[in-house]
Amino acid sequence: MWTEPRPRVVIAGEALIDLIIGADGTVNPAAGGGQYNAARALARLGGSVEFLGRMSDDWFGKLLRRKLEEDGVGTSLVVDTSDPTTLVLAEIDEAGVAHYHWYIEQTTVPGLELADALKAGDPAPDALHVGTLGLAMEPIADSLAALVAEVPESTFVMVDPNCRPTATPDFDRYQSRMRRVLARADLVKGSDEDFEYLALAESPEATAELLLGQGVGAVLVTQGGDVARGFCAGGEVSVPVPSVEVVDTVGAGDTFGGSFLAYWLERGLGRRELDDADLLEAGVTFAVQAAAINCTRAGAEPPTRAEMGLD
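Residues numbered from 1 in each chain as written. Predicted model: local features only at pLDDT ≥ 70, side-chain atom pairs only at ≥ 80, totals over all residues. Heavy atoms only, no water.

## Considering the overall build of the protein
Link 1 in the chain: Each helix and strand counted, the protein has nine helices and 13 strands in total.
Link 2 in the chain: For a compact globule of 311 residues, the expected C-alpha radius of gyration is about 19 Å, and the protein comes in at 18 Å, within 12% of that figure.
Link 3 in the chain: Based on the C-alpha atoms only, the size of the protein along its principal axes is roughly 50 × 45 × 45 Å.
Link 4 in the chain: Counting over 311 residues, the protein shows a buried share of 57%.
Link 5 in the chain: Carbon together with sulfur atoms contributes 50% to the accessible area of the protein, which is approximately 12,600 Å² in total.
Link 6 in the chain: Side-chain charges in the protein split into 23 positive and 49 negative, and the spacing between the mean points of these groups amounts to 6 Å. (Helix = DSSP H or I, 4+ residues; strand = E, 2+ residues; numbered from the N terminus. Rg over C-alpha atoms; globule rule 2.2 N^0.38 Å. Buried < 20%, exposed > 50% of the residue type's maximum accessible area, 1.4 Å probe, protein only. Areas by Shrake-Rupley, 256 points an atom, 1.4 Å probe, with all protein chains shown as cover. Lys, Arg positive; Asp, Glu negative; His and termini not counted. Charge placed at Lys NZ, Arg CZ, Asp CG, Glu CD.)

Shown next as structure tokens:
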């Protein structure tokens, strides 16, 4: 069980609407965004989390805020705007895998300014989780990179690149920024496709070795419905993904990341314990189970504590 006071977590990045296109052509709007989903995942598992990002006063923005509040995510760091909510078309293929198309220009996500981002660091959070579009679009990407650089060493920093090539206008600038952010990370989580796109090394395994050599405590690599792996000073772990009836994969990786962070913090674990392969495997196993549950329903709907057998 969480001890009080619970660690204060800030999850920063994008909140948007996934317009999910079914096989029959129907379109269903769903609250989403990588960091938004991760915040809801952590909150549903009992974490004390605040979301940092911009939200519109339009109907979609009000929906996004309401769902955060219903899950217990703090919204004191949310920046209000009249810009329209960022939209993403998510086409679901026969295997339930989502393919994304972005509507970003002059919408909510990109416009987070430096001053608003730095407010999240005063006082410094116990943990900070950044990634996805929040590290790809301007000016939000530079704002969050500055926040990562600003927080003290005592803040546990998790980075999920969750790369979106079609929404990344300048790869060289993006890669340079990601190198700086990853250099401060305690924990890096990404898919094998993310690490291939980042092109930091010739393979996910080589990328993990590179990051560990640069001071990252642990690297988690997801491989779709096959396996999730963890790399740390204590060795490598591999956890198979359970077989479930997949509705879609929207939010699966975000749920994995938020759930791992919840598991880690609830047990009072931090940077030092990332060296322990047994502890890392237990956290990855928990995260894989949470992501699998998310895949059994439409859109990003992370599991609750009860669904994870915690209450």
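Now that the structure has been shown, the text picks up again.
## Considering the packing of helix α1 (residues 34–44) against helix α2 (residues 59–71)
Link 1 in the chain: Interhelical geometry of α1 versus α2 gives an angle of 20 degrees and a closest axis separation of 9 Å. Taken as axis vectors, α1 and α2 run roughly parallel relative to one another. Crossing hand, α1 versus α2: left-handed. Seen from α1, the contacting residues are Y36, R40, A43 and R44; seen from α2, they are L63, L64, K67, L68 and D71. (Axes fitted to C-alpha atoms, helices over the stretch in contact; angles between N-to-C directions. Parallel < 35°, antiparallel > 145°, perpendicular 65-115°, else oblique. Left-handed = near helix turned anticlockwise from the far one by under 90°. Contact = heavy atoms within 4.5 Å.)

## Notes on the packing of aromatic side chains
A ring pair, where both rings are aromatic, is described by two values, the distance of the centres and the angle of the planes.
Link 1 in the chain: Considering all chains together, one arrives at six aromatic pairs under this definition.
Link 2 in the chain: Arranged with centres 6.1 Å apart and planes meeting at 80 degrees, the rings of Y36 and F51 form a pair that is edge-to-face. Of this pair, Y36 sits in helix α1 while F51 sits in strand β4 (residues 48–56); the two residues are 15 residues apart in sequence, bridging distant segments of the chain.
Link 3 in the chain: Residue Y36 is classed as buried on the basis of its relative accessible area of 0%. (Phe/Tyr/Trp six-rings, centres within 6.5 Å; stacked < 30°, edge-to-face > 60°.)

## Some details on the pattern of salt bridges
Link 1 in the chain: Here the structure, examined in full by the defined rule, presents 24 salt bridges.
Link 2 in the chain: The shortest N-O distance in the salt bridge between R173 and E138 comes to 3.5 Å. Highlighted residues: R173 in helix α5 (residues 171–184) and E138 in the loop between β8 (127–131) and α4 (140–150), separated in sequence by 35 residues.
Link 3 in the chain: By relative accessible area, E138 is classed as partly exposed at 31%. (Salt bridge = Lys/Arg side-chain N within 4 Å of Asp/Glu carboxyl O.)

## Remarks on unusual backbone geometry
Link 1 in the chain: Following E4, the chain continues into P5 via a peptide bond in cis, with omega recorded as -5 degrees.
Link 2 in the chain: Mapped onto the elements, P5 comes out in the segment before β1 (8–12).
Link 3 in the chain: A cis geometry characterises the amide bond from D122 onward to P123, with omega recorded as 0 degrees.
Link 4 in the chain: Tracing the backbone shows P123 in the loop between α3 (114–118) and β8.
Link 5 in the chain: Here N162, not a glycine, exhibits a phi torsion of approximately 40 degrees, which is positive.
Link 6 in the chain: Among the structural elements, N162 can be located in the loop between β9 (156–160) and α5.
Link 7 in the chain: By relative accessible area, N162 is classed as buried at 8%.
Link 8 in the chain: Positive phi outside glycine occurs at A199, with the angle close to 55 degrees.

## Structural notes on a negative patch on the surface
Link 1 in the chain: On the surface, a cluster of negative charge is made up of D275, D276, D278 and E281.
Link 2 in the chain: Tracing the backbone through its elements, the reader meets D275 in the loop between α8 (252–266) and α9 (277–294). (Patch = residues over 30% accessible without salt bridge, like charges linked within 9 Å, V, L, I, M, F, W, Y side chains within 5 Å.)

## Some details on the environment of P303
Link 1 in the chain: Within the secondary structure, P303 is located in the segment after α9.
Link 2 in the chain: Beyond its immediate chain neighbours, meaning those up to four positions away, P303 contacts R44, L45, T255, A290, I293, R297 and M308.

## A word on the pairing of strand β2 (residues 16–21)
Link 1 in the chain: By the criterion of burial, β2 is predominantly enclosed, with five of the six residues buried.
Link 2 in the chain: Across six bridges, β2 lies against strand β3 (residues 27–32) in antiparallel orientation. Along β3, the bridge assignment pairs I20 with N28.
Link 3 in the chain: Relative to strand β6 (residues 87–92), β2 runs parallel, the two being bridged by five bridges. Bridge assignment links I20 to a residue of β6, and that residue is A90. (Pairing = 2+ DSSP bridges.)

## Some details on helix α7 (residues 204–213)
Link 1 in the chain: P204, A206, T207, A208 and L211 are the residues of α7 that are buried.
Link 2 in the chain: The first or second residue beyond α7 is G215, which carries a positive phi of 110 degrees.

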